[in-house]
Amino acid sequence: MAGKRVGIDSFAAVLEQSLSDYGISTAANVKAAVTKAGEAVKGQIQSTAPRDTGRYAKSWSADTVKETASAKAVVVHSKKQYRLTHLLEFGHAKRGGGRTKAQPHIAPAEKAGFELLLSEVEKGVKG
């Protein structure tokens, strides 16, 4: 709307339309950032997950659980090996005594995904 002259009578309608357009484009940018961050977290977990047979690393997915016109929620989870996530991330007691070594791979990916999400949202809002 820059450069266009608007009368006092139509100023409110033009301002409302401009804000609505900005809100729609910002929501689209945020939804794209959420999708990108979810895929990045999934990829990082798959690449840093402990490997024995590889089934655990392959079981991770990023699924959209809720999407509206202005919001999106993505969950990164292990579909079939979900029982192992806590045991591998934090270690666990062994049958004969002692503990296994913790293999953190989810928390670092979550932190990196959060930072990516923040930077992508900032970039989308400014851009």
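The structure displayed is predicted, hence computed values, not measured ones. (Residues numbered from 1 in each chain as written. Predicted model: local features only at pLDDT ≥ 70, side-chain atom pairs only at ≥ 80, totals over all residues. Heavy atoms only, no water.)

Let us look at the layout of surface pockets. Each pocket or cavity is described by its volume, and for the largest pocket that value is around 290 Å³. Residue lining of the largest pocket: V34, A37, G38, V41, V74, V75, V76, I106, E110, G113, F114 and L117, and that is the complete set. Elements with a contribution of two residues or more to the lining of the largest pocket: α1 (11-48), β2 (72-78) and α4 (106-126). For the lining of the largest pocket, the element with the highest residue contribution is α4, accounting for five residues. (1 Å grid on protein atoms, 1.4 Å probe; cavity = no way out; pocket = protein on both sides within 12 Å on 5 of 7 lines; lining within 4 Å. Points joined across faces, edges and corners; volume = space filled by probe spheres on them. Helix = DSSP H or I, 4+ residues; strand = E, 2+ residues; numbered from the N terminus.)

Moving on: a nonpolar patch on the surface. A cluster of nonpolar side chains, V6, F11, L15 and L19, forms an exposed patch at the surface whose accessible area comes to about 360 Å². You can see V6 is positioned in the segment before α1. Residue V6 is classed as partly exposed on the basis of its relative accessible area, which comes to 30%. (Patch = residues over 30% accessible without salt bridge, like charges linked within 9 Å, V, L, I, M, F, W, Y side chains within 5 Å. Areas by Shrake-Rupley, 256 points an atom, 1.4 Å probe, with all protein chains shown as cover. Salt bridge = Lys/Arg side-chain N within 4 Å of Asp/Glu carboxyl O. Buried < 20%, exposed > 50% of the residue type's maximum accessible area, 1.4 Å probe, protein only.)

So, on to α4. Over its 21 residues, α4 runs 30 Å from end to end, which matches the ideal 30 Å to within 8%, given 1.5 Å per residue. Looking at α4, one finds that the buried residues are A109, G113, E120 and G124. Viewed end-on, α4 has its buried residues packed into an arc of 35 degrees, placing them on one side of the element. For α4, the exposed residues set more than 90 degrees away from the buried face come down to K111, F114 and K126. Those residues of α4 hidden inside the fold are in contact with α1. (Expected span 1.5 Å × (residues − 1). Arc of directions from axis to C-beta. Contact = heavy atoms within 4.5 Å.)

Right, let's talk about the pairing of β2 for a bit. With seven bridges connecting them, strand β1 (residues 60-67) and β2 associate as antiparallel partners. Counterpart to W60 in the pairing with β2 is S78. (Pairing = 2+ DSSP bridges.)

For the rest of this paragraph, the subject is the nonpolar core. Grouped together as the largest cluster of nonpolar side chains are seven residues: V41, I45, A49, Y56, A57, W60 and A109. Of all elements in the fold, only α1 and α2 (55-58) reach the threshold of two or more residues within this core. Those residues in contact with A109 that lie beyond four places of it in its chain are V41, Q44 and I45. (Core = buried A, V, L, I, M, F, W, Y, C linked by side-chain atoms within 4.5 Å.)

Our next topic: the side chain of K31. Along the chain, the position of K31 falls in helix α1. Ignoring any residue separated from it by four or fewer positions in sequence, one finds K31 in contact with E67, T68, A69, S70, A71 and K72.

Another point: the environment of A33. Residue placement: A33 occurs in helix α1. Taking the relative accessible area as the measure of exposure, A33 reaches 2% and is therefore buried. Taking the C-alpha atoms as reference points, A33 and E120, separated by 87 residues in sequence, lie 5.5 Å from one another. Apart from residues no more than four positions distant in its own chain, A33 is found in contact with L117, E120 and V121.

Another aspect to go through is α1. Turn by turn, an α-helix covers 3.6 residues, leaving residues three or four places apart pointing in a common direction. With 38 residues, α1 extends 55 Å between its outermost C-alpha atoms, agreeing within 8% with the 56 Å of an ideal straight helix rising 1.5 Å per residue. Three or more residues of α1 are buried, namely T26, A27, K31, A33, V34, A37, G38, V41 and I45. Buried-residue contacts for α1 involve β1, β2 and α4.

A few words now on the environment of L19. In this structure, L19 sits in helix α1. When the C-alpha positions of L19 and S119 are compared, they lie 23 Å apart, and in sequence the two are 100 residues distant.

Just distances and angles here, no functional claims.
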